[in-house]
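Breakdown of the fold
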Amino acid sequence: MLFPRIGVNAWVTTVGLLRLTSCALSPSQLPEIDLVLVSHAHFDHLDTRSLGAIRGRPVAVMAPATSDLLPRRRYRSVRELAWDQSVRVETPRGGVEVRAIQVKHWGARLGSDTHRGYNGYVISRGGRMLLFGGDTAYTPLFASHRRHGPFDAAIMPIGAYDPFISNHCTPEQAVAMADAAGARLFVPVHHQTFQLSHEPFDEPIARADAALAAERGRLVVRHVGDTSRIV
């Protein structure tokens, strides 16, 4: 999400939610991108303007029935994956294996297109493995995802749970799912960007910090713009 607003493109502007924290990088500051993962079609996860502005000619891996929303002119290829399907993507920096995994969410972009899918992903390259939870409510499915690991890190959503607990997990639930999957590090996302729900803006990261207080160094990338190197 590279621009100040997300939502419906209306001629020369976008009608929708305003970012409350500036993006860490502008499109011109990005390197050339090899791979784009799209978890589902919601406007805060599939922003057509952002996806059309990234540099390079990446491969896009997407949830079922979402690729029609992608600006194709910038993409080398587009692949939709159903749960448990995988694809190997060759890049100038080596091959990357991507597997779609089941989470608990919903995928419609508008009220009328309830057919759209939603994914989490397992990403592996050069002996490193990441688990990306996409958007998800609490689900015991993450224990079964453990078989794809071991994971160096889990990238997990921690915000927008009040009152949307049926589709978004709490920070404590996000930690529990990362634990169930056997992830070593915890990377929180889906917070400190848009006001999507009722909980205080800084509450999700504070609760995630408290949930991991006994595991020093496990919580990484607390704020937009932070960087962490997995070693």
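Scroll up for the structure.
This section reports on the structure supplied with the text.

**Here we look at the packing of helix α3 (residues 171-181) against helix α4 (residues 203-211)**
Two numbers describe how α3 lies on α4: the axes approach to 8 Å, and their chain directions differ by 45°. In terms of axis orientation, α3 runs oblique to α4. Along this stretch, α3 crosses α4, giving a crossing that reads as right-handed. Contacts between α3 and α4 involve Pro171, Glu172 and Val175 from the first element and Pro204, Arg207, Ala208 and Ala211 from the second. When the residues that make up the contact of α3 with α4 are grouped by side-chain class, the tally is five nonpolar, no polar and two charged.

**Some points on the nonpolar core**
With 23 residues, the main nonpolar core has Leu131, Phe142, Phe151, Met156 and Phe186 as its most contacted residues. Listed by contribution, the elements that provide at least two residues to this core are β9 (128-132), β10 (151-157), α3, β11 (183-189) and α4. Among the elements that make up this core, the one with the highest residue count is α3 (five residues). Beyond its immediate stretch of four places on either side in the chain, Phe151 contacts Val122, Met129, Leu130, Leu131, His145, Arg146, Ala181, Gly182, Ala183 and Arg184.

**A few points about the sheet that holds β10**
Pairing is mixed in the open sheet, where six strands are placed in the order β6-β7-β8-β9-β10-β11. The sheet is open, and its two borders are formed by β6 (86-91) and β11, each paired with just one other strand. With strand direction ignored, the average angle separating the axes of adjacent strands in the sheet is 20°. Two strands pair when backbone bridges link them, and strand β8 (residues 120-125) and β9 are joined in this way by five bridges, in the antiparallel orientation. Opposite Val122, over in β9, you have Leu131 as the bridge partner. Most of the contacts of α3 go to β10, to which it runs at about 155°, and overall it touches β9, β10 and β11.

**Brief notes about the pairing of strand β4 (residues 59-62)**
Across the two faces of β4 the burial is the same, with Val59 and Val61 and Ala60 and Met62 all buried. Here four bridges tie strand β3 (residues 35-38) to β4, and the two strands are oriented parallel to one another. Opposite Leu35, over in β4, you have Val59 as the bridge partner. You can see the chain leave β3, run along helix α1 (residues 48-53) and come back into β4, and the turn it takes is right-handed. Bridge count for β4 against strand β5 (residues 77-80) is four bridges, and the pairing is parallel. If you follow Ala60 over to β5, its bridge partner there is Val78.

Cut-offs and rules
Residues numbered from 1 in each chain as written. Predicted model: local features only at pLDDT ≥ 70, side-chain atom pairs only at ≥ 80, totals over all residues. Heavy atoms only, no water. Axes fitted to C-alpha atoms, helices over the stretch in contact; angles between N-to-C directions. Helix = DSSP H or I, 4+ residues; strand = E, 2+ residues; numbered from the N terminus. Parallel < 35°, antiparallel > 145°, perpendicular 65-115°, else oblique. Left-handed = near helix turned anticlockwise from the far one by under 90°. Contact = heavy atoms within 4.5 Å. Nonpolar A, V, L, I, M, F, W, Y, C, P; charged D, E, K, R; others polar. Core = buried A, V, L, I, M, F, W, Y, C linked by side-chain atoms within 4.5 Å. Buried < 20%, exposed > 50% of the residue type's maximum accessible area, 1.4 Å probe, protein only. Pairing = 2+ DSSP bridges. Right-handed = clockwise from strand over helix to strand, strands pointing away.

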